[in-house]
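Analysis of the macromolecular model
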Amino acid sequence: MTTPDITARRAVGACAALMVGALTLTACGGNANASNSGGKDSPKTSTAKIAISAKDGATDASINATGVKVSDGRLTDVKMTVAGSGQTVPGAISTDGHSWKPKQQLERGTKYQIAAAAKDADGRPAAANAIFTTVSSANSFIGTYTPDNGSTVGVGMPVSFTFDKSITDKKAVQSHITVNSSSGQQVVGHWFGDRRLDFRPQEYWKAGSKVTMNIDLDGVQGAQGVYGVQKKTVSFTVGRSQVSTVDVNTETMTVVRDGQTFKTVPISAGSPQHTTYNGQMVISEKFTQTRMNGSTVGFGGEYDIPDVPHAMRLTTSGTFIHGNYWYNRGNPPFGRQGTSHGCVGLADVQGAQGDTPAKWFFDNSLVGDVVIVKNSPDSTVSPDNGLNGWNMSWSAWTAGSAA
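Notes on the structure follow. (Residues numbered from 1 in each chain as written. Predicted model: local features only at pLDDT ≥ 70, side-chain atom pairs only at ≥ 80, totals over all residues. Heavy atoms only, no water.)

With mixed pairing, the five strands of this open sheet are ordered in space as 21-20-19-27-22. For this open sheet the edge positions go to strand 21 (260-266) and strand 22 (279-282), each flanked by a neighbour on one side alone. With direction set aside, neighbouring strand axes in the sheet form an average angle of 20 degrees. Two strands pair when backbone bridges link them, and strand 19 (residues 242-247) and strand 27 (residues 370-374) are joined in this way by five bridges, in the parallel orientation. The residue bridging T245 from the neighbouring strand is I372, located in strand 27. (Pairing = 2+ DSSP bridges. Helix = DSSP H or I, 4+ residues; strand = E, 2+ residues; numbered from the N terminus. Axes fitted to C-alpha atoms, helices over the stretch in contact; angles between N-to-C directions.)

Structure follows, in structure tokens:
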């Protein structure tokens, strides 16, 4: 039998337990009146939020855009290494502490690890980690392009991309490459097959203009399962205008600079058996000396000259304008007859030294200068044989655009 005193004590005990529970609940939930008493609540965890651009476990991370950012805080340390070897990838935190990026482009098909640390405004730390692999060579494409950044070129120089894989979505790729000139000339792209894309205006570039190409192919799908990895801006300068015309009938070349005849030079074009292409050709490479072997261009063992001086390439198939030191001194062909295997020859000396017509033309020529050949019995050079798209009408050129 319960006595009144015992019942009263139990009741008091139950009330006390309820009060303790109430206090406990209040402590967990916070004091609604804390602000009135001058107190301030703060979360125990950091408000800094770190974002690593490459997701943990990704196998197709960008080699250009990979980096670290933080919101509501500042980065204090970022370490990036090549997974497995531990090789450090140099990088730098921005001056405002909000981002970090590698100093150099990453390698394709490589596994990396990033460990990042940050603090919020109250000094509370946050951390994030990721291990990922950049897009593989098999699943990516790149475009080798010309001209180079910072170069000065002739008025005939197109912008030319050669891709290392076949492109099936030409529109997507072309739309992510823009070429603009300070001259205001309209620039249009043209596809030669599925691996080459050239850009040019309707007429030669205006002398002195600045041309800028923006390459924004990173992550662009060029074919099924194949993505671009390039993201950069390239600019070049167009120099003075120089267009040289070779007349096979007279075996002479007239050099016109900025609209004025600069010099007339005697030359020796192709022989009747090995004629020179007609058409507008662009100097794509220059060599003070180079080897020319007939077997590499379909002439068997007819010639192999290890030190051809002052050679400038006009076609991919092997047409050059170059110096000739092996000519018959008793019967020089220059200005008189064609004796070459299709190239345009100028008088020169072995060793590429001395004051010769070939050296003069070499020294006064830029990559991108135009050499026009006329009155040859040969056909007109193919537009894709070298950088020679000028031999295509503007309507045909624009018809080959995918944009």
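As a further point, take the pairing of strand 15 (residues 210-216). Across the two faces of strand 15 the burial differs, with V211, M213 and I215 buried and K210, T212, N214 and D216 not buried at all. For strand 15 and strand 18 (residues 231-238), the ladder comprises seven bridges, and the chain directions are antiparallel. The residue bridging D216 from the neighbouring strand is K231, located in strand 18. (Buried < 20%, exposed > 50% of the residue type's maximum accessible area, 1.4 Å probe, protein only.)

Of the consecutive residues T146 and P147, the connecting peptide bond is found in the cis state with omega at 5 degrees. By the element assignment, P147 lies in the loop between strand 9 (143-146) and strand 10 (152-153). Even without being a glycine, H310 presents a positive backbone phi close to 50 degrees. Inspection of the secondary structure assignment puts H310 in strand 24 (residues 304-313). Positive phi, close to 60 degrees, is recorded for A352, a residue that is not glycine. Given a relative accessible area of 4%, A352 falls into the buried group.

In this section: the pattern of salt bridges. Per the stated rule, a full pass over the model turns up nine salt bridges. As a salt-bridge pair, D216 and K231 come within 2.8 Å of each other at their nearest N and O atoms. Of this pair, D216 sits in strand 15 while K231 sits in strand 18; the two residues are 15 residues apart in sequence, bridging distant segments of the chain. A residue is classified by how much of its surface remains accessible, and K231, at 48% relative accessible area, is partly exposed. A salt bridge links E285 to R313, with the nearest nitrogen and oxygen atoms 2.8 Å apart. One end of the pair, E285, is in strand 23 (residues 285-293); the other, R313, is in strand 24, with 28 residues separating them in the sequence. E285 gets classed as partly exposed once you look at its relative accessible area, which sits at 33%. In the salt-bridge network here, residues are joined through shared partners; they are D120, D122 and R124. (Salt bridge = Lys/Arg side-chain N within 4 Å of Asp/Glu carboxyl O.)

Glancing now at the environment of F132. Mapped onto the elements, F132 comes out in strand 7 (residues 125-133). Excluding its chain neighbours within four sequence positions, the residues that come into contact with F132 are A54, K55, G57, A58, A61, T66, M80, T110, K111, Y112 and I114. (Contact = heavy atoms within 4.5 Å.)

Our focus in this paragraph is the packing of aromatic side chains. Counted under the stated rule, the structure contains 13 aromatic pairs. Measuring from centroid to centroid gives 5.7 Å for Y145 and F161, while their planes differ by 45 degrees, and the two rings are tilted. Note that Y145 is positioned in strand 9 and F161 in strand 11 (residues 159-163), a separation of 16 residues in sequence. Taken as a pair, Y145 and F161 share a single burial class, namely buried. Taken together, the ring pairs in this structure connect F141, Y145, F161, F163, W191 and F199 into an aromatic cluster. The ring of W360 carries K263 above its face, with NZ or CZ at 4.4 Å from the centroid. Stacked on the ring of Y327, the Lys or Arg R329 has its end atom at 4.2 Å from the ring centre. (Phe/Tyr/Trp six-rings, centres within 6.5 Å; stacked < 30°, edge-to-face > 60°. Lys NZ or Arg CZ within 6 Å of the ring centre and 35° of its normal.)

Honestly, it's all geometry; don't read function into it.
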